[in-house]
Structure formats: structure tokens, C-alpha cells
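Each chain, letter by letter, is given below.
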Amino acid sequence: MSTTNKGHADFWRANLRLMFMLLAVWFAVSFGAGILFADQLNSIRLFGFKLGFFFAQQGAIYVFVALIYFYAWRMNKIERDYDVHED
Amino acid sequence: MSVQLWTYIIVGLSFALYIGIALWARVGSTRDFYVAGGGVHPVVNGMATAADWMSAASFISMAGLISFMGYDGAVYLLGWTGGYVLLALLLAPYLRKFGKFTVPDFVGDRYYSDTARLVAVVCAIFVSFTYVAGQMRGVGIVFSRFLEVDINTGVVIGMAIVFFYAVLGGMKGITYTQVAQYCVLIFAYMVPAIFISLMLTGNAIPQLGFGGTLADGSGTYLLDKLDGLSTQLGFGAYTDGTKPMADVFAITLALMVGTAGLPHVIVRFFTVPKVRDARKSAGWALLFIAILYTTAPAVASFARVNMIETINGVDGQGTLRTEAPSWIGNWEKTGLIKWEDKNGDGRMFYAKDERNEMTIDKDIMVLANPEIAKLPAWVIALVAAGGLAAALSTAAGLLLVISSAISHDLLKKVVMPNITEKQELLFARIAAAGAIVVAGLLGIYPPGFVAEVVAFAFGLAAASFFPAIMLGIFDKRTNMQGAIAGMLTGLVFTIGYILYFKGIFITPMAENIPANWLFGISPEGIGSVGMLLNFAVALVVSRITPPPPAEVQAMVDSIRIPRGAGSATHH
């Protein structure tokens, strides 16, 4: 039970890689598209929505939900690959 | 049948259901009381988390707030959902693997210190009481508006219901009643939203109607129409914000991080059987939350268009008061709508500038929706039951955190470690009962600063718990000295800043305006700076003081690896 164990260290790195990737998406859709670049994106239309407004009040939330499901699914696979899964 | 009779029937049935579940879910052990035995299915836990999370404020006030804020309402929408991503990726699976009962448990064990544990206990109790006061008040208000009972009687009835299932059933009773409460509240929210969307845009799905065209055949998009109306009336375009970007950023971040650090949310993930269930459960929780949170901004825009057109008339010349629909009169009686005929033309007019003659309470946007959409009486009754479900479910989750902080973290872990499990369970029940009475008193005699302290709750959770827990998992080198120094810095800074501008208990020391704010960040958003300070101090102090003991480092290694997670254990 220690990250000096090679398998565990590799598992932890794979976990961190996935985590940073997903956090980058999390940041991009909310703080990026919904806030920092909302004004620029607002010149693009998605049906009745201006795109920046859409991300701020709808889009980012859909992406959040997808991110967590993707993470849960992907982690199950990573756990099995590194043989650290439960039972 | 009258609205009031319907309300008695529907609210009565929902209460009977909650009490029935409470009787079925009685518990006999501390493990059942604190974490529902650790065997809650991830979907069930997700639904319970959603009900736990969505409070009277989410149900009653949020759409109204957004309706008046336009784009800026995104701080709540993003802040109160994005936190679940942090929770799922950074905290929940590891805390589940840690496998104990409470947030102070983790802080105390990871930082091998009763001081750290006590800081966590005090924060958990303060944050939870802040929150619960608002819920009890919400219960009272729903009772008084829909059932015409006195607010205080309403609070006492609410207390009695929560007392019943929280004291008898602990986390187990709370979890299963929350599932029922989620169903009641989401149904009550969606029915009027769907009808009002159909009425305005011809689309039965509010999220699509939000981006769709108006049903009047003009082919104009709803949001374009709303932008046009808002601009004419001097509010500025609905889809553009008025808050400075730095502040929107900071508030959103503080609410996200605060959400992930709130003890009553975190503790829900101790109740599932496995680490992978904790991850999955966070996904379900956010999905159930997102149903309401993506509907709310749609409702906000529909309600805004409706309200402006009803008051100002389709031609924008003002509606004669004598020709106004009946809901205006109904809500005028409650004081939530006020009309002062300044120019004496007998017509109502709503605007941002001097033409304005209306005072409109934001809560009306959800509460009056069924009447505005001319829905039958039972739908109005349903909204009352939904508001009560939202308030009671959140109150119960918070009361459990208070009760476990006292009986488990304070008594069992610090003051009298030799008590038996039976005694601890008795203390947990007494603490829950005591907390309900205090919460009820706060609901009956609301301190004037309830609204202000909500910023406190999120700011404190963001500036104290989140960094301490995250570093505890991801940085093995963070030690007792670092964590305590970090938490105290975050707390003192955040509390100080809020007091400086809001002056709770003291007179504000500076006017609460953007020109005076640090980096243009309002007191609502300052928790994000407190969090950064906490991280910085904890990392630096940890590196100039001795590393944590070997067994603590081994514990960190163990929580990082999913294998070997039994159900939550006593120690």
C-alpha cells in the first residue's frame, strides 16, 4: 500500500493525467467560454442563444454532467488496467 | 376545489409519506445514523444528494434572482453545479476510501491534531447553522403564503416533521425521505415550467424553448425579444452582464469551491458502498441537479417576458390596473408586488428609470408562475409542496452534520472517548434534537443578517475545508502546521473582508462598492482569494516544518488506491 510500489505510482500518474485533462475542460467551458471569452463568443449564434450566454447559463452545466460520467467510466477502466480496483 | 384545500391535501400527503419512510428507516447503530450503514445505492445517493443540495433558495428564489440579473445569474448556475466536478474528481472517491464518518474526522486524522479537528468542527457547525436558518424561514414562508397559517406555526410544524425523521432515522431516514422529496420538488418545478414554455414558445422542453422562437408567429427569438424589451426599459440587454468580469469570475469560483467544501454535501459520499460508487454517484447527483438548474434560467427568461408584457402591455404603453390579470391583485395583497401610480394615469409601468411604478419581489417569479400560466389549482398546491420538500430536505442534511459534529467529532473524539456506541448514538439524537430547536428559533426570530451570512457559508467552506482536504489527498508533504496555518489564514482573511464591508455585528468600515474592493472582488466572491491564500500558506509552512509522521503518509497512500475500501468503519 504505497506509491513506492511501481503499479500504484503508475496508477496515480494515470489518474492525475485524466484529472488534469478533465479539469482543463471544466475550466474552459465555464470560466473560459462562459465568462472570460463570453463577449467574443456572443457574436456567434446557436439558435436563439448568443454562444457566450449559452455556455454561461446552459452549456457548461451539460458539459459538467458529461465530465463526471466520463471520469467515472474511464477511472473504472484505469483501475482495472493497473489492478487496483475493488473486489 | 379551492387552491387552499388542494394545498392541504397535497402537502398533507407528502408529509405522511415522509413520516412513513421515517418509521420504516429507524436505526440502531451509529454507523446507520451517520452514514446510513454505508450501503446506499449510487443512484439513490445521487438523488438524495440533489435534494440535500437544492434548498428553498434554489427552488423558490433562484429563477427570480436570475430573472432580475440576466447574464450575471450565471454565477449561481455555474457556481452551484461546477462544484460537483471538483467534488467528483478531487474529493469524493478519496474521502470514501478514507472511510470514516465526517469531514472533521478526515481533517483531524490526516493532520493528526485535535486543534485541526476543532477548527473543522467549528466551521462545520457555523456553516450548517447559517444555512439551516434560511431553510426554516423558507418553510415558514411557504406555510404562511399557501396555507395561511402564521409563519411561526409553520416553522414549528416543519421542525416537528424534521425532528421525527432525523432523530429516529439519522442519515438512513434522511436519505430515503430525500429521495421522496426530490421527486416531489422536481415534479413541482417542471410542471409549471413546461406549461409556461408551451405558452410562450410552443416548445414543451423549457431548455429548448429558452433558445427558441416566440409562439406568437413573429419568428422572433425569445432572448432577442427579451434583450430588446430590457434595453428599451433601461436595464441593458438581458444577455449582457452588469457586474465586472473579475467579480463574476471570483464569485463563480468561490461558489464552486464552496460547494465542493460544504460538509453536508461531502458527507453524502460516505454513504455509498464503494469508491467507484462515489464517482458514479456524483454524476447522478449532478444530473438530477442539472434538470432543475438548466430549467431555472429558462423559467427566469419566460417569467421576465411575461411580467414585462403583463405590466407594460404588449404595446409597451402600460396596462390599466383595472384590466390587469387577477394574479397581480393576489400578489399585491401579500406585498410582493407593489404599484404606485406616480403619473396618475391608472396604468402600471415597469422600467429601470424614473418611469418605474412597480416594486416586484424576486420570489414571485416561481411562486406566481402557475397563476401567470393559468394552471389549475392543484399545480399551485404542488408548488407549495415542492418548496417545502426543498427546504426540509436541505434542513435535515444540515442538522445531521451539526449532530455528528457534536456527538462524534467533539464528544467521542475529544471530550469523552470512552463512551459506548449506544451512548454516542443517544448523544447524536440529543444533538440532532437540540439543533432542530435552535434552527427553529433562528427561523422564528431570524437574525437580520441571514442573507449576508450566505456569502459567509460558501466563503468559509471555500477558504477552510476545500484546501485542507485537497492538500490532504494530493500533497503528502502537507502537515499539521501547514494545514492549521492555512485554514486559519483563509478563515481570518475571508471573515475579515466580509465584516469589513458587510459589518455583521459591527458597523461596516467601508462602503460596499466596487471602487473599494480588493482586485474588484465583492465580499460574495472573496472566498476564492481566501482559498488561494490558504493553499499558499499551507504549502509554504508545510515545507519549513517537519513532514507528517510515516503512518499518516501511509494513510495518504492508502486513500489514493481504491482497492480495500470496506464500508465506512468505526475506529
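Calculation rules
Residues numbered from 1 in each chain as written. Chains lettered and ligands numbered in written order. Predicted model: local features only at pLDDT ≥ 70, side-chain atom pairs only at ≥ 80, totals over all residues. Domains from an automatic or database assignment. Helix = DSSP H or I, 4+ residues; strand = E, 2+ residues; numbered from the N terminus. Nonpolar A, V, L, I, M, F, W, Y, C, P; charged D, E, K, R; others polar. Buried ≥ 20, exposed ≤ 12 C-beta atoms within 10 Å, placed from the backbone. Axes fitted to C-alpha atoms, helices over the stretch in contact; angles between N-to-C directions. Parallel < 35°, antiparallel > 145°, perpendicular 65-115°, else oblique. Left-handed = near helix turned anticlockwise from the far one by under 90°. Contact = placed C-beta atoms within 7 Å.

Our next topic: the domain arrangement of chain B. Residues and elements named next belong to chain B. Examined at the domain level, chain B breaks down into domain 1 (3-306 + 373-449) and domain 2 (308-360). Domain 1 and domain 2 are separated by 33 Å when their C-alpha centres are compared. Sorting elements by how many residues they give to the side of domain 1 that touches domain 2 places helix α13 (residues 275-312) first, with 3 residues. Here the side of domain 1 that touches domain 2 is built from residues that sort into 4 nonpolar, 2 polar and 2 charged.

Moving on to unusual backbone geometry. Note: most residues except glycine have negative phi, and most peptide bonds are trans. Positive phi values are uncommon outside glycine, yet F47 of chain A reaches one of about 50°. Using a count of 13 C-beta atoms within 10 Å as the deciding quantity, one classes F47 of chain A as partly exposed. Positive phi, close to 55°, is recorded for F519 of chain B, a residue that is not glycine. Note that F519 of chain B resides in the loop between α20 (480-502) and α21 (527-543). Classification of F519 of chain B by C-beta neighbours within 10 Å gives exposed; the count is 11.

Moving on to the packing of helix α7 (residues 114-147) of chain B against α20 of chain B. Residues and elements named next belong to chain B. The geometry of α7 relative to α20 is characterised by a closest axis approach of 10 Å and an angle of 25° between their N-to-C directions. With respect to α20, the axis of α7 lies roughly parallel. The element α7 and its partner α20 pack so that their crossing is left-handed. Here α7 contributes T115, A116 and V119 to the contact with α20, which in turn contributes M480, A483, I484 and M487.

Residues and elements named next belong to chain B. Contact geometry for helix α1 (residues 3-24) and helix α8 (residues 151-201): axes closest at 7 Å, N-to-C directions at 125°. The pairing of α1 with α8 is recorded here as oblique in orientation. Between α1 and α8 lies a crossing of right-handed hand. For the pair α1 and α8, contact is made by S14, F15, L17, Y18, I19, I21 and A22 and by I161, F164, Y165, L168, G169, G173, Y176, T177, A180 and V184, respectively.

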